[in-house]
Amino acid sequence: MGYSVSRKFHKEEEDVSEDLEKLQTLLLALGRRRSLRDPIASMCEQLQFTPPQVHAILWLGRDGALTMGDLARRLGVTEKTVTGVVDRLERQGHLTRERSATDRRVVHCRLTDEGQATWQRLERLVSQGMRLFLGILDTSDRKALFSILEKLLNRIDALPTAAPRERSA
């Protein structure tokens, strides 16, 4: 019996409704564990960064130059909001803006040498935090976690293109 991807996911959506509260409770409990957040939180405080600034540096360090629109989407903020984030990082010397040679309306953000050094420090802290997190799990649990995350990514990729999300003000 063949189901379309959208029908399959709709049916599963009905089946998971009772698990929604459990997932929310577990994710909230995980998020409240200070020990999992401390490395990044202390780095934010030390460098006087906001979480969106840290995430912007992490995205630009990992993926290279991004347009303002792409960066806004990755951060989950509006383009107006990302402009403020970029303004502050640019004033601090962590990134530069470059206009596209082919379309002057397009602005790319790129880390400076100072931004690259900051990204490397942040990456070390993120890796240390992940190492602690993974160290809590035994080998079979880590394999199960990776398997579930891979399935989730594959199934998300198989979903039909969704309507654009509403942007928050």
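You'll find the structure just up there.
Reading the values: the criteria
For every chain, the first residue of the written sequence is number 1, and numbering continues from 1 onward in sequence order. Restriction of local features to residues with pLDDT of at least 70 applies here, the model being predicted, together with a cutoff of 80 or more for giving and counting side-chain atom pairs; totals for whole chains, interfaces and linings are based on all residues. For side-chain calculations, the full set of non-hydrogen atoms in the structure is used, while hydrogens and water are omitted. Paired strands, as defined in this entry, are two strands with at least two bridges between them according to DSSP. Numbering of helices and strands starts at the N terminus; helices are DSSP runs of H or I of at least 4 residues and strands are runs of E of at least 2. Residue contacts are defined here by distance: any two heavy atoms, one from each residue, within 4.5 Å place the two residues in contact. Only the stretch in contact is used when fitting a helix axis, every axis being a line fitted to C-alpha atoms; angles between N-to-C directions are given from 0 to 180 degrees. In this analysis, rings of Phe, Tyr and Trp, with Trp reduced to its six-membered ring, are considered paired at centre separations within 6.5 Å, and the interplanar angle assigns stacked below 30 degrees, edge-to-face beyond 60, and tilted for intermediate values. Placement of a charge over a ring requires the Lys NZ or Arg CZ to be within 6 Å of the ring centre, with the centre-to-atom vector within 35 degrees of the ring normal. Without a salt bridge and with relative accessible area above 30%, a residue can belong to a patch; like charges are then joined within 9 Å and nonpolar side chains (Val, Leu, Ile, Met, Phe, Trp, Tyr) within 5 Å. Areas reported here follow the Shrake-Rupley algorithm with a probe of radius 1.4 Å; residue values treat only the protein chains shown as occluding. What makes a salt bridge here is a side-chain nitrogen of Lys or Arg within 4 Å of a carboxyl oxygen of Asp or Glu, nothing more. Throughout, exposure labels follow a simple rule: accessible area from a 1.4 Å probe, protein chains only, divided by the maximum for the residue type, with under 20% read as buried, over 50% as exposed, and the rest as partly exposed. Here, nonpolar core refers to any group of buried Ala, Val, Leu, Ile, Met, Phe, Trp, Tyr and Cys residues whose side-chain atoms link them within 4.5 Å.

> Can you break down the sheet that holds strand 3 (residues 107-111) residue by residue, with the values?
Ordered in space as 1-3-2, the 3 strands form an open sheet in which the pairing is antiparallel. The sheet is open, and its two edges are formed by strand 1 (66-67) and strand 2 (95-99), each paired on a single side. Across 5 bridges, strand 2 lies against strand 3 in antiparallel orientation. Looking across to strand 3, one finds that Arg-97 is bridged to Cys-109. Each of strand 2 and strand 3 is contacted by helix 6 (residues 79-91), which is oriented at about 120 degrees to strand 2, the strand it contacts most.

> So what's going on with the packing of aromatic side chains? Residues and values would help.
All told, the structure shown has 0 aromatic pairs when counted by the stated rule. Positioned above the aromatic ring of Trp-59 is the side chain of Arg-74, whose terminal nitrogen or guanidinium carbon lies 4.8 Å from the ring centre.

> Explain a nonpolar patch on the surface residue by residue, including any values.
Taken together, Leu-23, Leu-27, Leu-30, Phe-133 and Ile-136 make up a surface patch of nonpolar side chains, about 470 Å² in accessible area. No other element matches helix 2 (residues 17-32), which puts 3 residues into the nonpolar patch. You can see Ile-136 is positioned in the loop between helix 7 (113-135) and helix 8 (139-158).

> Which residues make up the pattern of salt bridges, and what values do they have?
Evaluated as defined, the whole model comprises 7 salt bridges. As a salt-bridge pair, Arg-110 and Glu-98 come within 3.1 Å of each other at their nearest N and O atoms. Of this pair, Arg-110 sits in strand 3 while Glu-98 sits in strand 2, placing them 12 residues apart in sequence. For Glu-98, a relative accessible area of 30% gives the class partly exposed. Three or more residues joined by partner-sharing salt bridges are found here, namely Asp-87, Glu-90 and Arg-97.

> Describe the nonpolar core, naming the residues involved and giving the relevant values.
One finds Ile-57, Leu-60, Leu-71, Val-82, Val-86 and Leu-89 to be the most contacted residues of the largest nonpolar core, which totals 24 residues. Listed by contribution, the elements that provide at least two residues to this core are helix 4 (51-63), helix 5 (68-75), helix 6, strand 3 and helix 7. At 5 residues, helix 4 tops the list of elements feeding residues into this core. With residues up to four places along the chain from it excluded, the contact list for Ile-57 reads Phe-49, Leu-89, Leu-111, Gly-115, Thr-118, Trp-119 and Leu-122.

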